[in-house]
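Residues per chain are reported as follows:
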Amino acid sequence: MGVSIIDIAALAGVSKSTVSAVINNHPNVRPATRERVMEAIRQLDYHPNFAARELITASPMNIGIIMPSYSRNQEKDSSTKYFNGIDEGSNLELVSQLVEQISKTNYGVLVEHTVVSNDEPELPVFALSKRVAGVFQISPLLNISFVHRLRQYVPTVVEIGTPNPECDSVYSDFVETGCISVDYLVRAGHRKIAFINCDPASRTVKDRLEGYTAGLKKNGLTYHENWVRYSSFTGIGGYNAFSDIWKTSVEKPTAVICASSTIASGALHFMCNNGISVPDDVSIVCNGDSLLSEFAMPQLTAICRDKEEIAKCAFTLLMERLSDQTLPVRAVKIADHIIERNSVKRMI
């Protein structure tokens with residue numbers, strides 16, 4: 001027979017109701033008592049039976065995480081599937097931070113990919129089957145109508161990445177990100193700055209372009225349409241976008257801003273294949289950080305947000321919403337910071 005709350009109560013020297021209160025995260029438990037119960041849980045290796053609890057309480061005991069994915073039908077060569085795939089590195093790091101936060105509760109975690117290439121992406125199975133109490137949605141590629149449909153099944157949704165009038169959100173100001181990126185390169189002496197924007201389907205695409213153009217104007221630089229391209233959130237997209245910029249430009253840029261680390265890795269790959277030295281010939285700044293930018297050769301300078309802070313903030317919003325559905329819709333901005341590495345040449 002498995003460990004029960006009776007065993008935990010006996011070891012901790014408390015009542016069954018106290019153990020239940022700790023397991024269900026009730027606030028009216030003294031910290032010392034809570035720690036004693038948690039220590040007993042650890043010693044006895046107790047794991048709540050989520051399925052049984054859902055039957056008893058008629059409430060789901062899982063939190064869902066929606067990860068974006070482009071259609072795999074477009075990938076013919078398995079050797080390039082990760083290069084063709086969406087920003088897996090950055091998203092996986094964020095998911096890991098979210099799971100870390102959820103692990104502090106008694107909720108389980110369900111993660112599902114949603115293909116974003118369709119006009120009306122299918123809702124995740126865990127939502128349709130109402131197996132989750134709340135959802136983290138981490139892709140601005142999924143439109144507002146998707147979130148509206150999702151909330152018909154799961155009212156508690158927190159979007160990560162961009163504000164959403166339908167639900168609570170943790171977002172980045174991509175206008176500000178664009179300005180910071182241009183300012184950083186100008187301070188390094190660059191005047192010829194190209195830009196690979198993100199997927200046109202993303203709700204952030206206009207803000208990113210506005211930030212880039214505002215940064216140019218602020219620094220007295222001319223906008224060159226031939227130095228701007230759009231890319232899916234993939235390595236191959238970044239590769240093709242920078243290839244197009246380089247091959248069609250008479251006057252070559254000395255730096256490029258990429259809308260994601262995956263896009264930047266693709267641009268870097270093109271440069272390596274064509275004898276373009278980074279940062280001596282072209283400098284790279286990516287918006288958003290991941291292991292790709294940290295372990296690239298050279299390591300890529302990034303304008304990014306702290307994923308642990310994002311996860312903690314999103315988790316707090318979700319838990320508060322689960323406790324009180326009458327709260328107004330909230331949007332919390334996460335500030336940018338610069339991680340300087342080796343991909344930008346100082347020209348002054």
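Only a predicted model underlies this, so the values are computations on that prediction, with no experimental measurement involved. (Residues numbered from 1 in each chain as written. Predicted model: local features only at pLDDT ≥ 70, side-chain atom pairs only at ≥ 80, totals over all residues. Heavy atoms only, no water.)

A.B. asks: Can you tell me about the overall build of the protein, naming the residues and giving the values?
C.D. replies: Helix and strand counts for the protein stand at 14 helices and 12 strands. Counting every position in the protein, which comprises 348 residues, the buried fraction comes to 52%. For the protein, contacts bridging at least 24 residues in sequence account for 70% of all contacts bridging at least 6. Counting every atom, the protein has about 16,400 Å² of accessible surface; 53% of that belongs to carbon and sulfur. (Helix = DSSP H or I, 4+ residues; strand = E, 2+ residues; numbered from the N terminus. Buried < 20%, exposed > 50% of the residue type's maximum accessible area, 1.4 Å probe, protein only. Contact = heavy atoms within 4.5 Å. Areas by Shrake-Rupley, 256 points an atom, 1.4 Å probe, with all protein chains shown as cover.)

A.B. asks: Describe unusual backbone geometry, and please don't skip the residues or the numbers.
C.D. replies: Glycine aside, the phi torsion of most residues is negative, and most peptide linkages are trans. Here valine 278 and proline 279 are connected by a cis peptide whose omega angle stands at 10 degrees. The linkage connecting methionine 297 with the following residue, proline 298, adopts the cis geometry, with an omega of 0 degrees. Within the secondary structure, proline 298 is located in the loop between helix H13 (291-295) and strand E10 (301-304).

A.B. asks: An account of the sheet that holds strand E7 (residues 228-230) is needed here, citing residue identities and associated values.
C.D. replies: In space, the 6 strands of this open sheet follow the order E7-E6-E8-E9-E10-E12, with mixed pairing throughout. Each end of this open sheet is capped by a strand with a single partner; those strands are E7 and strand E12 (337-339). Looking at each pair of strands side by side, their axes are set apart by 20 degrees on average, direction ignored. Where strand E8 (residues 255-258) lies against strand E9 (residues 283-287), 4 bridges are found, and the strand directions are parallel. Bridge assignment links alanine 255 to a residue of E9, and that residue is serine 283. (Pairing = 2+ DSSP bridges. Axes fitted to C-alpha atoms, helices over the stretch in contact; angles between N-to-C directions.)

A.B. asks: Outline the sheet that holds strand E3 (residues 134-137), listing residues and values.
C.D. replies: The parallel open sheet is built from 6 strands, whose spatial order is E2-E1-E3-E4-E5-E11. On the outer flanks of this sheet lie strand E2 (108-115) and strand E11 (331-333), each paired with one strand and no other. Neighbour-to-neighbour, the strand axes of the sheet open up by a mean angle of 20 degrees, direction not taken into account. Bridging between strand E1 (residues 62-69) and E2 involves 8 bridges; their strand directions are parallel. Its bridge partner lying in E2, glycine 64 is registered against leucine 110. Sitting on the sheet, helix H14 (residues 307-323) touches E1, E3, strand E4 (157-161), strand E5 (168-171) and E11, and the angle it makes with E5 is about 175 degrees.

A.B. asks: Go over the environment of serine 231, please, and point to the residues and values.
C.D. replies: Of note, serine 231 is situated in the loop between E7 and helix H11 (235-248). Filtering out sequence-adjacent residues up to four positions away, serine 231 remains in contact with Ile196, Asn197, Cys198, Asp199, Gly237, Gly238, Ala241 and Ile263. In terms of polar contacts, serine 231 uses its side chain to reach the backbone carbonyl oxygen of glycine 237, at 3.3 Å. (Polar contact = N/O pair within 3.5 Å; in protein donor to acceptor, adjacent residues only side chain to side chain.)

A.B. asks: So what about the nonpolar core? Which residues, and what values?
C.D. replies: Counting 45 residues, the largest nonpolar core has Ile196, Phe242, Val256, Met271 and Ile284 as the members making the most contacts within it. It is helix H12 (residues 261-273) that contributes the most residues to this core, 6 residues altogether. Among residues more than four places away in sequence, those in contact with valine 256 are Ala194, Phe195, Ile196, Phe242, Met271, Val282, Ser283, Ile284 and Val285. Ile63, Phe136, Val158 and Leu317 belong to the second largest nonpolar core, which has 22 residues in total. (Core = buried A, V, L, I, M, F, W, Y, C linked by side-chain atoms within 4.5 Å.)

A.B. asks: Run through the side chain of arginine 330, naming residues and quoting values.
C.D. replies: Along the chain, the position of arginine 330 falls in the loop between H14 and E11. A distance of 3.2 Å separates a polar side-chain atom of arginine 330 from the backbone oxygen of leucine 317. Residues within four places of arginine 330 in sequence aside, it is in contact with Cys167, Asp168, Ser169, Leu317, Glu320 and Arg321.

A.B. asks: Describe in detail the pattern of salt bridges, supporting the description with residues and values.
C.D. replies: Under the definition given, this model contains 17 salt bridges. For arginine 149, the salt bridge identified is with glutamate 120, shortest N-O distance 3.1 Å. Of this pair, arginine 149 sits in helix H8 (residues 144-150) while glutamate 120 sits in the loop between E2 and helix H7 (125-128), placing them 29 residues apart in sequence. Among the residues examined, arginine 149 registers a relative accessible area of 26% and is labelled partly exposed. For arginine 305, the salt bridge identified is with aspartate 336, shortest N-O distance 2.6 Å. Of the two residues, arginine 305 sits in the loop between E10 and H14 while aspartate 336 sits in the loop between E11 and E12, which places them 31 residues apart along the sequence. Look at arginine 305 and you get buried, because its relative accessible area is 11%. (Salt bridge = Lys/Arg side-chain N within 4 Å of Asp/Glu carboxyl O.)

Take it as geometry only, folks, not as evidence of what the structure does.
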